[in-house]
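Read off the chains here:
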Amino acid sequence: MLNFKKGSIFDRSEKAQEDFREAARLEPDNAYAYYNWACMLKYAGQYEEAVEMFEKAISLRTEKESTVFFRGLGECYERMNQLDRAAAAYEKNIAEFPESAAVRWDYVKLLEKIGTPELLERARQILEEILKLKGVRKAYYQSKLAGIYEQMGEYQTAIELCERAMREEAEYLRPYIT
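Residues numbered from 1 in each chain as written. Predicted model: local features only at pLDDT ≥ 70, side-chain atom pairs only at ≥ 80, totals over all residues. Heavy atoms only, no water.

Let us look at the environment of Leu41. Examined against the element boundaries, Leu41 turns out to sit in helix α3 (residues 31-43). Look at Leu41 and you get buried, because its relative accessible area is 3%. Sequence separation between Leu41 and Phe54 is 13 residues, and the spatial gap between their C-alpha atoms is 10.0 Å. (Helix = DSSP H or I, 4+ residues; strand = E, 2+ residues; numbered from the N terminus. Buried < 20%, exposed > 50% of the residue type's maximum accessible area, 1.4 Å probe, protein only.)

Written as structure tokens, this is what we have:
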């Protein structure tokens, strides 16, 4: 896939678009050819076209191989202010990769951005689920959960979570709260 390797997803030029288009033409069954083309389009602000390429990439996957496909699709929908579609993309990613804290975090950020009481409650639940996953940086997600509680007006709980996070990983959190 020589042609594909010449392009950069951050290059917004017509030449880069041609290179990615050509890579997809040369390897029409390669999900990553379409994924990389979609990323380039996303970074160029061509969200509708990027959505098409992300969806094509998703349709070509042979298995649940990477979290990046639905993540990119969700990001495009967010930028297009189609938040219900972004939520659906993130939910599909969670269904495919339930042990990924990063996948869940994408969804939490969207719910937090919308900010309704119901969705903040859902964000709180997801952060609680993240804290039960193995290998996650607990203090980091405790501090994020504290932010949700703060948005919900539950300040005492937010303070307690921050204090717990500081006790458990003070050195890690210090740059974030001082």
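Over its 14 residues, helix α7 (residues 101-114) runs 20 Å from end to end, which matches the ideal 20 Å to within 8%, given 1.5 Å per residue. Among the residues of α7, Ala101, Val103, Arg104, Trp105, Asp106, Tyr107, Val108, Leu110 and Leu111 are the ones counted as buried. Its buried side turned inward, α7 meets α5 (68-79), α6 (83-96), α8 (117-132) and α9 (138-151). In the stretch just after α7, Gly115 is the one whose phi turns positive, near 75°. (Expected span 1.5 Å × (residues − 1). Contact = heavy atoms within 4.5 Å.)

Moving on to the packing of aromatic side chains. If you walk through the whole model with that rule in mind, you get eight aromatic pairs. Here the aromatic rings of Tyr32 and Tyr35 are separated by 6.3 Å at their centres, their planes lie at 80°, and the arrangement is edge-to-face. In this pair, Tyr32 and Tyr35 are both assigned in helix α3, three residues apart and thus about one turn of the helix distant. By relative accessible area, which is 15% here, Tyr35 ends up buried. An aromatic cluster is built from Tyr32, Tyr35, Phe54 and Phe69, whose rings are joined through pairwise contacts. For Lys56, the ring lying beneath its charged end belongs to Tyr34, and the centroid distance is 5.6 Å. (Phe/Tyr/Trp six-rings, centres within 6.5 Å; stacked < 30°, edge-to-face > 60°. Lys NZ or Arg CZ within 6 Å of the ring centre and 35° of its normal.)

By the secondary structure assignment, Asn93 is in helix α6. Here Asn93 falls in the buried class, since its relative accessible area comes to 1%. For Asn93, the side chain forms a polar contact with the main-chain oxygen of Thr67, separated by 3.0 Å. Apart from residues lying up to four places away in sequence, Asn93 is in contact with Thr67, Phe70, Arg71 and Val103. (Polar contact = N/O pair within 3.5 Å; in protein donor to acceptor, adjacent residues only side chain to side chain.)

That is the geometry; function is a separate question.
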